[in-house]
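Chains, contacts and geometry: an overview
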Amino acid sequence: ISNIRKVRKDIQIFDVGKTMFELAKQLGITIPEEKVLDKPDSELAPLRATAFEYIISESKKFENFVVRSHACFRWKKNLRKAFDLHYLRKLEPNFFINITDSLLDIYWRLSQNPQWSDQISLKEIIMWREEEMLLTELMASYQQRPVYIIPYREPVETLVKIVFSKEKKAYLSYPISHMKLHIERWLAQKDKYRDKLRKHMIVIDPLDVKDVELVGKAREAYRKRDRKFTLPEYRDLEMDVQEVLDLEQDIYFQTPHRDFKLIDQSDMVVTLYPEPVKSQGVAEEIKYARSTSNKDVFMITNLPLDPFTMYNVTKTYPTIEEFVEKEITRKRRR
């Protein structure tokens, strides 16, 4: 969120948490950040209300502004409120956006924060992530406003374009597990295709949330009969094998559920299909897009398709350039 101003300097950002601490300091109230959630609601509610009243007053000076806040907190095995619905009526937001991320990335950031270090488990994080998503949807429904899920790894331009532009939004679908091409080489190629598309439209890449990889690493360690495994890319962060494996079903159920929501918020699905492989994930995404979400599905491929895939695909194109020219550029000219 803090990077928005690099793209749009006319956007003011208000952070509810930071505002609460700044106002408390001005009032001579000392609240250690790592202890703030230990305070009862009777103390936090007035401070949060003061912060929102300040933000609402200041926001009137700006045409465009963002209010950054959690919807809830998980703290010491309890769910804590982080937002008052009363202030939604005063803020009158045009959009609600839930920024989500991979379980491991959230765990890593929290482990580096004194407030959260050793305070929250992987299980609680995966629950908290879903609770934030659901509460954001409920607030948007209450205000009858659009709601979007944006992966943390998406470029900040994605968020800005969703709010300010009329560009078409596409969910990017592609096979992973069954590719004969070396997976790292294929993913690098996929990124190039995605970036080409992003020059002409908003593209959401579902692999920006990488939970399944964590299960794979835990399974590998389990086969070696290891109780722990380390992640060099996270400064040798040590993970408990059984703790991750206990979340396998949660991760496998949440992944398609989240991806279907990403399809719902998109205008279309663009599928990359470079090899004649069977991908259950791609098949389910295509079927959901056409049958449930009523979205067009465009496939980039030179391969012959089976009858069931052809039935659910709106149109195929041999190259991204031809797809962009006929489905994006040409339709803009009309």
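Up top you'll find the structure we're talking about.
Attention here is on the structure that accompanies the text. (Residues numbered from 1 in each chain as written. Predicted model: local features only at pLDDT ≥ 70, side-chain atom pairs only at ≥ 80, totals over all residues. Heavy atoms only, no water.)

**Topic: helix α11 (residues 248-264)**
- Along its 17 residues, α11 runs 25 Å from first to last C-alpha, staying within 8% of the 24 Å computed at 1.5 Å per residue.
- Where α11 is concerned, the buried positions are Glu248, Ile251, Gln254, Thr255, Arg258, Asp259, Leu262 and Ile263. (Helix = DSSP H or I, 4+ residues; strand = E, 2+ residues; numbered from the N terminus. Expected span 1.5 Å × (residues − 1). Buried < 20%, exposed > 50% of the residue type's maximum accessible area, 1.4 Å probe, protein only.)

**Quick word on the pattern of salt bridges**
- Using the criterion set out here, one finds 32 salt bridges in the structure.
- A salt bridge links Glu131 to Arg74; the nearest nitrogen and oxygen atoms lie 2.8 Å apart. On the criterion of sequence distance, the pair formed by Glu131 in helix α6 (residues 122-143) and Arg74 in strand β3 (residues 72-75) is long-range, its members being 57 residues apart. Residues Glu131 and Arg74 agree in their burial class; the two are buried.
- For the salt bridge of Asp101 with Arg109, the shortest nitrogen-to-oxygen distance reads 2.8 Å.
- One continuous salt-bridge network, built from bridges that share partners, spans Lys190, Asp191, Arg194, Asp195 and Asp205. (Salt bridge = Lys/Arg side-chain N within 4 Å of Asp/Glu carboxyl O.)

**A word on the pairing of strand β6 (residues 147-151)**
- In terms of burial, β6 is largely enclosed, as four of its five residues are buried.
- Note that strand β5 (residues 96-100) and β6 share five bridges and pair parallel. Along β6, the bridge assignment pairs Phe96 with Val147. (Pairing = 2+ DSSP bridges.)

**Overview of the sheet that holds strand β7 (residues 169-173)**
- Overall, parallel pairing links the five strands, which are arranged β8-β7-β11-β12-β13 in an open sheet. The open sheet terminates on both sides in strands that have one partner only, identified here as β8 (202-204) and β13 (315-317). On average, each strand axis in the sheet is tilted by 30° relative to the strand beside it, whichever way the strands run.
- Relative to β8, β7 runs parallel, the two sharing three bridges. (Axes fitted to C-alpha atoms, helices over the stretch in contact; angles between N-to-C directions.)

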